[in-house]
Amino acid sequence: MGPSRSLVFVGILFLVTIGLASQVDQRVAVIRDILPHLDGTTRRLLAFIGCWPSNVRYQLWREINGDHPHGTIGLQFAASNDRHYLPWHDPNRHLMVVLVDLGCPRSAQLLQDAGHLLYYRLRWILLHSGAAAGGPTAWPDCTKYRETYLAHLPLLVSSEVYYICMNPITGQLLVQQQYRLSSSSATTVETVGHWESQQSTTSERVERFILEDRNRPVTSVRRKNFNRFKLRTSLVVLHNETLNHLDDYTNKHLDTLSRVTYQLTKTVAQQLNASVRYIVTNSWGYRNASTGLYNGMIGELQRGRADLGGCALFFTQERIPLIDYLSMSTSTRAKFVFRAPKLSFTDNVFALPFDRYVWYCTISFIVLSGVLLAVVLRVEQQLRSSSSSFDRQDDPPLTPIHLSDTLLNSFGTTCQQGSFIEPKTGASRCLILLCLVVLMFLYASYSANIVALIQSPSTKIRTVEDLLASHMKTGAEDTVYNKYYFRHATDPIRKALYQRKIRNKDGSENFVTLARGVELLRQGLYALHVELGVCYRLISDTFQEEEKCGLQEVEYIKVIDPYYAVQKNSSFREPVRISLFQLREFGIQGREQAQLYTKKPRCSGGTSFTQVSIVDVWPALATLGWGYLLTLGVLIAEKLWCFCRRKLRSRGINRFD
């Protein structure tokens, strides 16, 4: 009887559970109906509803996974209303919805501890069912709800918090949202929808959720009217004169990056119907080692004194925890710019005209012609010796010809120095004539290439390592970011470039003004690290047309284009980001860049004559110098040899005496 009674008890309990589950709790129905209408896609529901009965929680799981249009939703119940269960570091929290019942213990404290999660990439559903008191479901009226539970929460412009309350006048159950632009600004209330009771076919009253606007836009688009709210913007200005010309195009080469971002910020504020209050600073920001805080624009954003970064800045790893990067607002880069030096500055122009195989063939031809000439002349001498009895008595004696003589004669012929050997027979004359003709064409080709190569620019300097190995002087524009990147370089090549070419032996540094740097650049053999658009503007105004040819670039800072930045976890992030993308799509960003930045000047085809300098003929002078040294060495060796032979001869004669 024991087992059978247990089975009967389990069956009765199961039927009771099914019966209870068949009557859907109103709290579950509310959540079930509102989930499909939330902005975005819901993949996961995190529920802080520990005070709900287990059968109601089971109903919630069953209902949200029944006919949901986006498929199965993962449901996770938090063990307690503790902030540690919130998705602080979940990269997919934009697909999550957090459900909180304010009637459960510690729910109000949970919302206070949520911080920026209430308005940054996370959606919430708040309700107060009265279940904590053990009574029936009781929905508070909307006014009391806002004053009691939401008044002190940071529900800012990007918040996605849906709360359920009762209209005290009509008695309708409403789903509302509210937001404000700052802690001191007025609150705006939005009604998402309401529940409407209808008569079903089974004569039962059924409540269903009705949207107020079926074409309701997403939050970032719906809340684009800031009602002239003042956006605090930090603006980096390095030249005081720029403050007088932010709205015109005078002196476009000064603070160009700040002026482009300034124009974009103004346009973004117009799109959002906001005003701008600028905070002027003279630095992007450096970290204080003792306090860990930054100064400059980054410091203003880090301390919450500024909402927007009014000057684009480079994307670096150490800045990621401090600010949020939104969009590339400019396409400028900072690089080394220099006029390509003459080819003789980096190469030996006397070795460049011919390919190595041509040099091999030329040397082989000299040796072969010298050997053949030696053979022909030796045979000629033998023939003349055999017929010496028929020669006239006054003919000069025959001089023996050696291989070294013919090789030297072939080399002299190659250099168009003529032939000091007088051929007597037809074979030797044909051979020397052939050498003169072939080597004439070779000499003409070589000389023409030398003239062209001396006037040609070099393309060998392509990397920082090439620039370091070259004899070019280097400098950088006197800006805060140039000083930072050069002084804090960790790469061995870049660090060596700073220590050997930027930092002088006396401790001074080659940071120059833009005008001075461009003038040194025009004189040649000087590389200036500068913002490209600004540098090319001044080059277009000051360089001659022929001087604009041969401009080359070497990248030193390995970063991407500057980004527009805002305060970390800012509620303005999404509206500003969308506005910046629209400015790029509409061409406004490109127009401002074209107005303030100058592209690389084109070479108009002008030519200039380059004088031959010592650098061009240095290999020839070096060859001459080594030849003199070799000649003196051989001369001294010959003198020593002759002296030793005389000594040996004198000793031999005295011995026979």
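Counting restarts for each chain: residues are numbered from 1 in the order of the written sequence. Restriction of local features to residues with pLDDT of at least 70 applies here, the model being predicted, together with a cutoff of 80 or more for giving and counting side-chain atom pairs; totals for whole chains, interfaces and linings are based on all residues. Side-chain metrics in this entry use all non-hydrogen atoms of the structure; hydrogen atoms and water are not considered.

Q: So, a nonpolar patch on the surface: which residues are in play, and what are the values?
A: Patch definition: residues with relative accessible area over 30% and no salt bridge; like charges joined within 9 Å; nonpolar side chains (Val, Leu, Ile, Met, Phe, Trp, Tyr) joined within 5 Å. The accessible surface values rely on the Shrake-Rupley method and a 1.4 Å probe; as for residues, cover is taken only from the protein chains in view. Here a salt bridge means any side-chain nitrogen of Lys or Arg lying within 4 Å of a carboxyl oxygen belonging to Asp or Glu. A surface patch of nonpolar side chains, about 580 Å² in accessible area, is lined by Ile 363, Val 367, Val 371, Val 375, Val 379, Leu 383 and Leu 403. A total of 6 residues in the nonpolar patch trace back to one element, the largest contributor, which is helix α10 (residues 356–386). Strands here mean DSSP runs of E at least two residues long; helices mean DSSP runs of H or I at least four residues long; both are numbered from the N terminus. Positionally, Val 375 belongs in helix α10.

Q: Describe empty space enclosed by the protein, with residues and values.
A: Points on a 1 Å grid over protein atoms alone make up a cavity when a 1.4 Å probe fits among them but cannot get out, and a pocket when they form an open set with protein on both sides within 12 Å along at least five of seven lines; lining residues each have an atom within 4 Å of a point. Grid points are joined across faces, edges and corners, and a volume is the space filled by probe spheres set on the points. Throughout the structure, instances matching the rule amount to 3 cavities of 30 Å³ or more. When its volume is computed, the largest cavity comes out at roughly 110 Å³. What lines the largest cavity is simply Leu 257, Trp 284, Gly 285, Tyr 286, Ala 312, Leu 313, Phe 314, Arg 319, Val 480, Tyr 481, Tyr 484 and Tyr 485. A per-element tally of the lining of the largest cavity places helix α14 (residues 480–487) first, with 4 residues.

Q: I'd like to hear about the state of the cysteines, residue by residue, with values.
A: The term disulfide is used for any two cysteine sulfur atoms that are within 2.5 Å. A full pass over the atoms with the stated rule returns 2 disulfides. Disulfide pairing is shown between Cys 51 and Cys 104; the S-S distance is 1.9 Å. What sets the handedness of the Cys 51 and Cys 104 disulfide is the S-S torsion sign, and at about -60° it is left-handed. Of this pair, Cys 51 sits in the loop between β1 (44–48) and α3 (54–64) while Cys 104 sits in the loop between β3 (96–101) and α4 (107–114), and the two are 53 residues apart along the sequence. Under the relative-accessibility criterion, Cys 51 is labelled partly exposed at 24%. Each sulfur of the disulfide joining Cys 142 and Cys 165 lies 2.0 Å from the other. Here the S-S torsion is close to 85°, and the disulfide linking Cys 142 with Cys 165 is therefore right-handed. Taken as a pair, Cys 142 in helix α5 (residues 142–150) and Cys 165 in strand β5 (residues 160–166) lie far apart in primary sequence, 23 residues in all. Of the two residues, Cys 142 and Cys 165, both sit in the buried class. In this model Cys 644 remains outside any disulfide bridge; the closest cysteine sulfur is found in Cys 642, 9.3 Å from its own. Accessible area is worked out with a 1.4 Å probe on protein chains only. A residue is then buried under 20% of its type maximum, exposed over 50%, and partly exposed in between.

Q: Could you give an account of the nonpolar core, with specific residues and numbers?
A: For the purposes of this section, nonpolar cores are sets of buried Ala, Val, Leu, Ile, Met, Phe, Trp, Tyr and Cys residues that join through side-chain atoms within 4.5 Å. Of all hydrophobic cores here, the largest spans 80 residues; its most connected members are Phe 226 and Val 576. At 6 residues, the largest contribution of residues to this core is made by helix α17 (residues 532–542).

Q: Break down the confidence of the model for the chain for me, with residues and values.
A: Residue-level confidence of the predictor, termed pLDDT, takes values from 0 up to 100. Averaged over every residue, the pLDDT of the chain is 82; residues scoring 70 or more account for 87%. Here a residue-residue contact requires only that any non-hydrogen atoms of the pair lie within 4.5 Å. For the stretch residues 1–21, pLDDT sits under 50, and the model shows 5 contacts to residues farther than four places along the chain or on other chains. Low pLDDT (under 50) marks residues 131–136, which in the prediction has 6 contacts with non-local residues, meaning those over four places away or in another chain.

Q: Tell me about the packing of aromatic side chains, and name the residues and values.
A: Here is the rule: rings of Phe, Tyr and Trp (six-membered ring for Trp) pair when centre to centre is within 6.5 Å. Planes less than 30 degrees apart are stacked, more than 60 are edge-to-face, and the remainder are tilted. Considering all chains together, one arrives at 22 aromatic pairs under this definition. Note on Tyr 286 and Tyr 484: the rings are 5.2 Å apart at their centroids and 35° apart in plane angle, and the pair reads as tilted. Separated by 198 residues along the polypeptide, Tyr 286 in the loop between β10 (275–281) and α8 (296–302) and Tyr 484 in helix α14 bring together distant segments of the chain. Under the relative-accessibility criterion, Tyr 286 is labelled partly exposed at 29%.

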